[in-house]
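An overview of the molecular structure
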Amino acid sequence: EYDAYTTQELIDEASTLPIHQFDQDIPPGKVLDVGYGMGALVLYYASQGREVHALDYYPHVEIMLRKRLAIEPYRDVVSFSLSSMPDGILPQEEFAIISVCNLLHFFDFGTAQIIVDRLSQILISGGWLITKNHHKSHLYSNNPAILGPEQRYKHFFSKDEMERLFFKKVFAEKYIE
């Protein structure tokens, strides 16, 4: 599936996320993409000139993204590390944008809460933590007994859980589509 998309197609896909209407409001600084998957947001932000740190659990994902980046002029603004969540090692720096778009739905609410708490410690003031939420219509949402196509549990976060996870803590603004 990874090779089915060109780099430009991944960048174009990432550029359509509704959150980008607020890009002008995001302070300057580095981007951390935790659980970056195919790397669409890594590629998008790197192509926009931001320094990006890509963190994932799977070495093969890093190998594939490094291969894709090798021919890109912005390849030097991307750094990598391997780690697991919720207890893995995080970079020892601060970020203006932290993406968990391909991560939180693989954890139950309590574990997601631990991850968000840890990540908020390295998010600069005024920075953005970006996530996507799977829809409750997924037949395997919120049921650990039924695994999705990737053979992994996926959690659907209710609006109340999203409020508790983010907005009643240190997060001043919210965007829910």
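See the structure shown above.
These lines cover the structure that appears in this document, whether it is placed above or below. (Residues numbered from 1 in each chain as written. Predicted model: local features only at pLDDT ≥ 70, side-chain atom pairs only at ≥ 80, totals over all residues. Heavy atoms only, no water.)

A word on the sheet that holds strand β3 (residues 78-82)
Going by this rule: Note on pairing: DSSP must find at least two bridges between two strands before they are called paired. For the purposes of this entry, the term helix denotes a DSSP run of H or I that reaches at least four residues, the term strand denotes a run of E that reaches at least two, and both are numbered from the N terminus. Angles shown run from 0 to 180 degrees and are taken between the N-to-C directions of axes, each axis being a line fitted to C-alpha atoms and, for helices, limited to the stretch in contact. Residue contacts are counted whenever heavy atoms from the two residues lie within 4.5 Å of one another.
An order of β3-β2-β1-β4-β5 is seen for the five strands of this open sheet, with the pairing classed as parallel. Lying at the two open borders of the sheet, with one neighbouring strand each, are β3 and β5 (123-130). For this sheet, the mean angle separating the axes of adjacent strands, direction not counted, is 20°. Summarising the sheet, strand β1 (residues 31-34) and strand β2 (residues 52-56) pair through four bridges and their orientation is parallel. Bridge pairing in β2 links D33 to A54. Across the sheet, helix α2 (residues 40-47) lies against β1, β2, β3, β4 (95-99) and β5, angled at about 170° from β2, the strand it touches most. Contacting β1, β4 and β5, helix α4 (residues 109-120) runs over the sheet at an angle of about 145° to β5.

What about the pattern of salt bridges?
As a reminder of what qualifies: Put simply, a salt bridge is a Lys or Arg side-chain nitrogen that is within 4 Å of an Asp or Glu carboxyl oxygen. Relative accessibility thresholds used throughout: buried, under 20% of the residue-type maximum; exposed, over 50%; partly exposed, between the two (1.4 Å probe, protein chains only).
For the structure on display, the rule yields four salt bridges. As a salt-bridge pair, K30 and E93 come within 2.5 Å of each other at their nearest N and O atoms. Placement of K30 in the loop between α1 (7-15) and β1 and of E93 in the loop between β3 and β4 is noted, with a sequence separation of 63 residues between them. Its relative accessible area of 27% is what places E93 among the partly exposed residues. It is possible to trace a salt-bridge network through shared partners that takes in K30, E51 and E93.

With respect to the environment of Y2
For Y2, the position within the fold is in the segment before α1. Among all residues touching Y2, those that are not within four sequence positions of it are M38, M64, L65 and R68.

Quick word on the nonpolar core
To keep it simple, the criterion reads: Residues enter a nonpolar core if they are buried and are Ala, Val, Leu, Ile, Met, Phe, Trp, Tyr or Cys, with the set joined through side-chain atoms within 4.5 Å.
Counting 28 residues, the largest nonpolar core has Y45 and L65 as its most contacted members. Of all the secondary-structure elements, those providing two or more residues to this core are α1, α2, β2, α3 (59-69), β3, β4 and β5. Top contributing element to this core by residue count: α2, with seven residues. With near-sequence residues (within four places) excluded, L65 lies in contact with Y2, Y36, M38, G39, V42, L43 and F80. Counting 23 residues, the second largest nonpolar core, distinct from the first, contains L32, L103, L119 and F157.

Brief notes about α3
How we decide: Working definition: the arc comes from the directions between the helix axis and the C-beta atoms, pointing outward to the latter.
All of the buried residues along α3 are V61, E62, L65, R68 and L69. Summarising the axial view, the buried residues of α3 lie within an arc of 125°, below the 170-degree limit, and thus occupy one face. Pointing more than 90 degrees away from the buried face of α3 are the exposed residues I63 and K67. Buried residues belonging to α3 abut α1, α2, β2 and β3.

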